[in-house]
Amino acid sequence: MKSALRFVIITFCALAFVPAHAESHTEAGLINMQGQGEVAAEPDTAYVTSGVVAEAKTAQEALQENTAAMAALIEVLKTAGIEDRDIQTSGFSVQPVYVYSDQRNADGYQQPPRIEAYRVANNVTVRVRDIANLGTILDDMVSVGANTINNVSFAVDDASELMNAARREAMADAIAKAELYADAAGVGLGPIVSISENGGYNPPPQPLARVEMMAADSKASVPMQGGEVNYAITVSVQWEISQ
């Protein structure tokens, strides 16, 4: 009886200490690669952020002056063919204008600042679908009282096909790199494990390539150069390595 019990215990211990490398399953190696794709196109849409800054002794006077100028600005935009959906308020503020003094009171303390006026600023972001008419529109905006143009940028209105072209280019780039490394390492590329898009493309509106502003009282329209806009994609791809 004692010998039989000893045999069972010894057999159990042997099974418990089977080395891990004896398992039949082996995990495949992986190769990770990034690819970049970028395409350029001529823009067909412009975005302009413009508005009016008005200053007066009282906030109410400044607001009234600003409102009248903004109404004229919006009217000239509509006359130029800009639709309501392409005009959006992008900033509005009413702020006091302070005057600071170096004078001191009887106790030697510096006099506090005083409010001299009030400043009202109102901005709109406008989408211009007719780029050929952009210079004329800018000139008209200034002529009716727009005294701020903070940004002009260009984009392609429907960039879906451009983005898809950039994706194809990025994938081809990743595959080419992976094949090169696999060949140099003397291994093969197995099935793809994962594909992920890291973004990194430039969404519209794009920064302006070139802007040349002429004097507001010039008879010529403001010359504008749209240049090209770029859309870029980065993709990460993972393969199994085949020996």
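For the structure given in this document, a descriptive report is provided here. Small disclaimer: the values here were computed from a predicted structure and weren't measured.

The rules behind each value
- Residues numbered from 1 in each chain as written.
- Predicted model: local features only at pLDDT ≥ 70, side-chain atom pairs only at ≥ 80, totals over all residues.
- Heavy atoms only, no water.
- Helix = DSSP H or I, 4+ residues; strand = E, 2+ residues; numbered from the N terminus.
- Buried < 20%, exposed > 50% of the residue type's maximum accessible area, 1.4 Å probe, protein only.
- Contact = heavy atoms within 4.5 Å.
- Areas by Shrake-Rupley, 256 points an atom, 1.4 Å probe, with all protein chains shown as cover.
- Salt bridge = Lys/Arg side-chain N within 4 Å of Asp/Glu carboxyl O.
- Patch = residues over 30% accessible without salt bridge, like charges linked within 9 Å, V, L, I, M, F, W, Y side chains within 5 Å.
- Polar contact = N/O pair within 3.5 Å; in protein donor to acceptor, adjacent residues only side chain to side chain.
- Expected span 1.5 Å × (residues − 1).
- Arc of directions from axis to C-beta.

## Details of the overall build of the chain
Here is step 1: Check the secondary structure of the chain and you find four helices and ten strands.
Here is step 2: Scanning the chain from its N terminus toward the C terminus, one meets helices and strands in the order α-β-β-α-β-β-α-β-α-β-β-β-β-β.
Here is step 3: Taken across its 243 residues, the chain has 30% of its residues classed as buried.
Here is step 4: Partitioning the contacts of the chain with sequence separation of at least 6, the portion at a separation of at least 24 is 83%.
Here is step 5: Element-wise, carbon and sulfur atoms account for 53% of the exposed surface of the chain, whose accessible area totals about 15,400 Å².

## Quick notes on the environment of A178
Here is step 1: For A178, the position within the fold is in helix α4 (residues 160–185).
Here is step 2: Along the sequence, A178 and L189 sit eleven residues apart, while their C-alpha atoms lie 7.8 Å from each other.
Here is step 3: In contact with A178, not counting residues within four places along its chain, are I31, M33, L189 and W239.

## Some words on the pattern of salt bridges
Here is step 1: Applying the stated criterion across every chain, the model contains nine salt bridges.
Here is step 2: A salt bridge links R119 to E55; the shortest N-O distance between them is 3.0 Å. One end of the pair, R119, is in strand β4 (residues 114–128); the other, E55, is in strand β2 (residues 45–56), and 64 residues separate them in sequence.
Here is step 3: The class for R119 is partly exposed, based on a relative accessible area of 33%.
Here is step 4: Accessibility expressed as a relative area gives 41% for E55, which makes it partly exposed.
Here is step 5: Connected through salt bridges with shared partners, the residues D86, R127, R129 and D157 form a single ionic network.

## Here we look at a nonpolar patch on the surface
Here is step 1: A surface patch of nonpolar side chains, about 350 Å² in accessible area, is lined by Y98, Y100 and I115.
Here is step 2: With respect to the helices and strands, I115 occurs in strand β4.

## Points about the environment of G188
Here is step 1: Turning to its location among the elements, G188 is positioned in strand β6 (residues 188–199).
Here is step 2: Sequence separation of G188 and Q243 is 55 residues, and the distance between their C-alpha atoms is 6.1 Å.
Here is step 3: When near neighbours in sequence (up to four residues on either side) are disregarded, G188 contacts E240, I241 and S242.

## Here we look at the side chain of S236
Here is step 1: The residue S236 is located in strand β10 (residues 229–242) in this model.
Here is step 2: Take S236: its relative accessible area is 18%, and that puts it in the buried class.
Here is step 3: Polar side-chain contacts of S236 include one of 3.4 Å to the side chain of Q34.
Here is step 4: Discounting chain neighbours no more than four positions away, the residues touching S236 are M33, Q34, S194, I195, S196 and N198.

## Structural notes on helix α2 (residues 59–79)
Here is step 1: Under the 1.5 Å per step criterion, the end-to-end length of α2 is 30 Å for 21 residues, consistent within 8% with the ideal 30 Å.
Here is step 2: Within the sequence span of α2, burial applies to A62, N66, A69, M70, L73, V76 and L77. Down the axis, α2 shows its buried residues gathered within 120° of arc, on one side only.
Here is step 3: Residues of α2 that are buried make contact with β2, β3 (87–99), β4 and α3 (134–143).
Here is step 4: The first or second residue beyond α2 is G81, which carries a positive phi of 100°.

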